[in-house]
Every structure is written in structure tokens, then in C-alpha cells.
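So the chains spell out like this:
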Amino acid sequence: MLDALRELLQGLFGSVFPLVWTLLKIVLIIAPLLLCVAYLTFWERKVIGWMQVRIGPNRVGPWGLIQPIADGLKLFLKEVVVPTGSDKSVFVIAPMFAFAPALAAWAVVPFNDTLVLANVNASLLYVMAISSIGIYGIILAGWASNSKYAFLGGMRSAAQMISYEISMGLALVVVLMVSNSLNLGDIVSSQGRGIFADHGVGFLSWNWLPLLPMFVVYLVSIVAETNRAPFDMAEGESEIVGFHCEYSGMAFAVFFLAEYANMILVSTLTSLLFLGGWLSPVGFLPDGLLWLFLKIAAVLFFFLWIRATFPRYRYDQIMRLGWKVFIPLCLIWLVVVGCWMMSPLNIWK
Amino acid sequence: MEFKTFVFYFFSAILVFAGLRVITSRNPVHAALFLVLAFFSAAGVWMLLQAEFLAIALILIYVGAVMVLFLFVVMMLDINLDRLREGFWSYLPLGSIIALLMVTEMALVLGGNYFGLFESGVPQATAEVSNVKAVGRLIFTEYVYPFELASVILLVGIVAAVALTQRGKRKNKSVNPAQQVFVKAADRVRVLQMPAEKRD
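Residues numbered from 1 in each chain as written. Chains lettered and ligands numbered in written order. Predicted model: local features only at pLDDT ≥ 70, side-chain atom pairs only at ≥ 80, totals over all residues. Heavy atoms only, no water.

Enquirer: Give me the lowdown on the overall build of chain B, citing residues and values where you can.
Expert: Looking only at helices and strands, chain B features ten helices and zero strands. For chain B, the sequential pattern of α-helices and β-strands runs α-α-α-α-α-α-α-α-α-α. On C-alpha atoms alone, chain B measures out to a radius of gyration of 28 Å, which is more than a quarter above the 16 Å that the 2.2 N^0.38 rule sets for 200 residues. With the C-alpha coordinates of chain B rotated into their principal frame, the extents come out at 110 × 55 × 40 Å. (Helix = DSSP H or I, 4+ residues; strand = E, 2+ residues; numbered from the N terminus. Rg over C-alpha atoms; globule rule 2.2 N^0.38 Å.)

Enquirer: I'd like a description of the overall build of chain A, backed by residues and values.
Expert: Along chain A, the regular secondary structure elements total 13 helices and zero strands. Since a compact globule built from 349 residues should have a radius of gyration of about 20 Å, the 21 Å found for chain A is in line with a globular shape. For chain A, the C-alpha atoms occupy an extent of roughly 65 × 60 × 45 Å along the three principal directions. Relative to its full complement of 349 residues, chain A shows a buried share of 50%. For chain A, the accessible area works out to roughly 16,500 Å², and carbon and sulfur atoms hold 72% of it. Both charge centroids of chain A, one from 20 positive and one from 19 negative side chains, sit 6 Å from each other. (Buried < 20%, exposed > 50% of the residue type's maximum accessible area, 1.4 Å probe, protein only. Areas by Shrake-Rupley, 256 points an atom, 1.4 Å probe, with all protein chains shown as cover. Lys, Arg positive; Asp, Glu negative; His and termini not counted. Charge placed at Lys NZ, Arg CZ, Asp CG, Glu CD.)

Enquirer: Tell me what's going on with the interface of chain B and chain A, and back it up with residues and numbers.
Expert: On the chain A side, the residues contacting the 29 residues of chain B number 27 residues. Taking both sides of the interface into account, the surface hidden between chain B and chain A amounts to around 2,400 Å²; carbon and sulfur atoms contribute 78%. For the pair chain B and chain A, the interface holds zero salt bridges. Applying the counting criterion to the chain B and chain A interface returns three residue pairs in polar contact (both at pLDDT 80 or more). Considering every element that reaches the side of chain B that touches chain A, the biggest residue donor is helix 3 (residues 52-76) of chain B, with 14 residues. (Contact = heavy atoms within 4.5 Å. Buried area = accessible area lost by both parts, 1.4 Å probe. Salt bridge = Lys/Arg side-chain N within 4 Å of Asp/Glu carboxyl O. Polar contact = N/O pair within 3.5 Å; in protein donor to acceptor, adjacent residues only side chain to side chain.)

Enquirer: Can you tell me about the pattern of salt bridges, naming the residues and giving the values?
Expert: Residues and elements named next belong to chain A. Summed over the entire model, instances satisfying the criterion amount to six salt bridges over all chains. Put simply, Glu 44 and Arg 307 hold a salt bridge, and the shortest N to O gap is 2.8 Å. Remark: Arg 307 occurs in helix 12 (residues 289-309) and Glu 44 occurs in helix 2 (residues 17-51); sequence separation between them is 263 residues. Given a relative accessible area of 32%, Arg 307 falls into the partly exposed group. The partner of Arg 45 in a salt bridge is Asp 71, and the shortest N-O contact between them spans 3.1 Å. You can see Arg 45 sitting in helix 2 and its partner Asp 71 sitting in helix 3 (residues 67-77), a full 26 residues away along the chain. According to the relative accessible area criterion, Arg 45 is partly exposed, its value standing at 36%. The network of salt bridges with shared partners includes Glu 44, Arg 228, Glu 259 and Arg 307.

Enquirer: Describe the UniProt feature "transmembrane region" (unreviewed entry) in chain B, naming the residues involved and giving the relevant values.
Expert: All names here are of chain B. The sites that carry the UniProt feature "transmembrane region" (unreviewed entry) are, in the present numbering, residues 6-24, 31-49, 55-77, 89-110 and 143-164. End C-alpha atoms of residues 31-49 are separated by 27 Å, and the span's content is 95% helix alongside 0% strand. From the first C-alpha to the last, residues 89-110 spans 31 Å; its make-up is 100% helix and 0% strand. (UniProt positions renumbered as here; feature names shortened; annotations may be inferred.)

Enquirer: Explain the domain arrangement of chain A residue by residue, including any values.
Expert: All names here are of chain A. Segmentation of chain A into domains returns domain 1 (1-77) and domain 2 (82-342). Domain 1 puts 18 residues into the contact, and the matching count from domain 2 is 22 residues. For the pair domain 1 and domain 2, the summed buried surface comes to about 1,800 Å²; carbon and sulfur atoms form 87% of the total. Sorting the residues of domain 1 by area buried against domain 2 places Leu 40, Glu 44 and Leu 75 first, and these three jointly supply 30% of that buried surface. At the boundary of domain 1 and domain 2, one finds two salt bridges. (Domains from an automatic or database assignment.)

Enquirer: Lay out the packing of aromatic side chains with the relevant residues and their values.
Expert: Residue and element names in this part refer to chain A. The final tally for this structure, using the stated rule, is 24 aromatic pairs over all chains. With a centroid separation of 6.1 Å and 75 degrees between ring planes, the pair formed by Tyr 39 and Phe 42 is classed as edge-to-face. Here the residue Tyr 39 and the residue Phe 42 both occupy positions in helix 2, the gap between them amounting to three residues, near one helical turn. By relative accessible area, Tyr 39 is classed as partly exposed at 26%. For Phe 42, a relative accessible area of 9% gives the class buried. On the basis of an interplanar angle of 15 degrees and a centroid distance of 6.2 Å, the ring pair of Trp 106 and Phe 111 is categorised as stacked. Side by side, Trp 106 and Phe 111 carry an identical accessibility label, which is buried. Every member of this aromatic cluster is reached through a ring pair, and the members are Phe 91, Phe 243, Tyr 247 and Phe 255. Of note, Lys 295 hangs over the ring of Trp 206, and the distance from its end group to the ring centre comes to 3.8 Å. (Phe/Tyr/Trp six-rings, centres within 6.5 Å; stacked < 30°, edge-to-face > 60°. Lys NZ or Arg CZ within 6 Å of the ring centre and 35° of its normal.)

Laid out in C-alpha cells, this is it:
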């Protein structure tokens, strides 16, 4: 069927066929992603509701299932207020800057051995480069709002994201050292080899166990990087004003979507880098796409779980954790893994 | 026109436009943003030359880190454009001499092929070794001393920056979060046990 469709389109579009085919693939990735973003907000409200012995949204549709669509419609119909004295063009561009990187990074994310939009060699570098652009959305939103509170909020979040990007990057350096590749697909397949994988318990061969400290650092860093609780300095609703306090309607919704799209992206990266991607945890079950989705869902659940569990960190404590704990830990572990790889005990050959 | 040529001219046109806007736009934040756009287009052009590592490093380092800090600084400044323009005519001779020098230097480099400066053409990347691997191998074999020297210079820079800002005694009364996070409930709260009293 796929081949028939391909031939049909080839006849229809002729020389621009590759462009059309790529666009189709992009839509195939983006559309389910946006649906996931919408239902992640619903799932979050439900899960936190259950954890706090509430019911959560249950009025719109069966079990409240149409709630995210109703929310989206509400935000869509609201007026976008542009504050007086704000820099209008930057004010409008800022949400796009926040959202676009979260989508663009999916270009190189592999779903299994062959299913990837662009199989580039330096895909891990690409993801890091693209996701570092997301900071612009935050500082520009803070600055363009022409409000002291939004400006301070933007500075605060941007400083936090830059700090945690460093520890994330160092954790990734250790991963690419042991997998000897920058290609996300190769990183996953390198986790399928090892003593445990030969004995049929593959999940012990994945990077999370031999690189456990880095896994923990990465897991905490992505929470801080996406500005989620307990590190949600961007919008601590009850205490501090965030960078998007002047935004309303759809412009605010785009920031909101960007946060959840980023969550899904970093969860996917965690599954690929530390949890073996599409590899099956045990030998007698086949590898497949389903495992990847299960792992992503598990990491996303972790995000929601800790939001319902921990109280918010104070800002100076967040910065201390990033700079004085995680970065030294990463640097030490970098040297340790380097020595380990050079020693006869090397398990990554 | 080949597709590759089209992409090149597309990126170059944006690059030149963004470069011009960097020096002509009145708002310093807009200028910084156009510089970001210029870096981005330059990365696209480098990607066309199959220098993917350089292209991604340009975005990762310059767009992702340097320009963010740059924007931080520019946004905090309160720039008065009229005051900046005051000395325009008196600085013009010096400025034009420097501009002329830069134009000459650029002409020498860009016209290198024409003057016969290069012995060989631009090295072509081989398909089997990835760009990152090739750069890494060169850095840690052939250019290991310059590379280590550069990192030591950067380290000195970091230490100097810290030393410049951390002079003298700390004047604020902020508490040390490192000590604070280790506080236990017993350090702050004292639970008193009182026997229930009987009413006479």
C-alpha cells in the first residue's frame, strides 16, 4: 500500500516529489506529537488529581476526554492583548522561538532501526544545538513584554536553563563516549550488546545501569531544563511571576504547548540514550516501536509524579544544585568512565 | 538552476540582509537578533560545504550560548542613541581607516584563489569518515598542543573572571544554600513534652 501511494504521488508531483514525500513524513511526526501534547496536559491533571485523592477533569465528554480540546478552543477564542510600549514584533516572535525548536529536534529522532526522518551522523549534536535555541523564546518574551516582572522572570528562567544545559551536555558526553557514536540510532543499538544482553536480560545492559550517576543527573537536569516542578521557577503560580505574565490567549497557549512538547522531546531522548530506545528489556520478546513509546510514557509519568510529590525548590538552591553538585559530579564521572574504558574491565568493546 | 545553488543563494541573501540589519537597526536588541539570524544562515551555508560539525558547533556555541549572554547584557543596558551619535564626525576618520584595513584584509583572503595564495583547493570531506570524527582525531593527534594551550587560556580566563567579581568580603547577608539544605527538622523545631495538668 505504501509503495502504491508512493507511485501515485510520484506520478502526480513529478520532480518535486521528494519535497512532498518529506513534507508528508513531517506531518506524520508532528500531528501525533501535537495530539500527545494536548492529551499530556489532560493526563497530567488526571494523574495529579488521583495522587491528591481528587477526580480531576471529568465534565467535558466521557471521563473528561474532550477537556484538552475545549481548553484549546477557549484559548483560541480569547483576545491576545499586546501591552502598551511592548516591542510588538519580538512579542509575537517569542512564542514561536519557544515552540519551534521542540518540533525541529524531531527531525533526527529515530523510532527504530530504519524509521527516522533524517539519519545524520551528528544527530545528538543537532538535538543539543536545536534545543539550546528554546531559551530565546523565554528571554525575548520577558524583554518584549515591557514589564519588570516579566523581564526578571525571563532572566531567571534563562539562567536556570543555561546552567542545567551544561550538566545535561556533560552527561551526554559520557554517553557518547561509551557508545562511540553521535548518531542516536547507533547509541541505541550499542546498548543492545553486553554480558547481560547475551543472557537475555537486556535491560541491565542499557546505559542507565553502568552510567547510573549520569542517568540521575540527566533525569534531574531535564526537569530543570523544561522548567517543571519542583524547579518551576518560570511560573511558580503562588509565589513568583513568570516571563509570560503579559501573554494571553493563543500566544500564551503556544508557550504552554512548548513546555509539554519539550517534555515529550526530553523523555524521548532519555529513553533513547539511557533506556535502550526500541530495544526489548528481555530476550524472549521482540524489539519494537511499542517499547519506545512505553519508555517515553514512563519517563513522562515520572515528570508528573515528582510534580505531585515535591515542594518547589528555592532559586539559589536550584543554582547551587546545578553548578556545585551536578557539574563537578559529571566531570568526575567523565574521568572515571574514561579510565574504566582504558582499563581491562572495559565492558563497552 | 540546480537546487543546491538555489539553497546557497537563499542562505546567502538572508545572511547579507541580516548582516546589514545588524549595523543599521536602531534597537540594539533587534541588532543582536539579526546577528543570531546571520549565524543561523552562515551555519546553513557551512552545512552545504559538508562541514556539519562546524555548522552545528556554530549554532550550539554562538547562537545557544554566546548570543544569549550577549542579549542578557544588551537588554540590561539603557542605551541613549542620541548620546552615541554625538561623536560621529570626530570618530569618522579613525573609523574609516579601520574599515579600509578590514576591507583590504577581506579582499586578500576572499581573493586568495585569484592571487594564488592557496596551493590546493578547499579540502573535500571524505564520505566514509564522519566530520566530527575527523576533527576529533586531528585535535587529539596533530594539534594536541595548540588545543591544550587554548583550553588553558580559557581556564585562565574563567579564573580571572571569578577573581575579578569575588574581590573583598561578601557584603550581602544571604545564607549559604549548601548549609541550608542539610538542615534537619530537629535543628529548627523543638518539641516540648508537657504532662497534662489536673484541674483543682
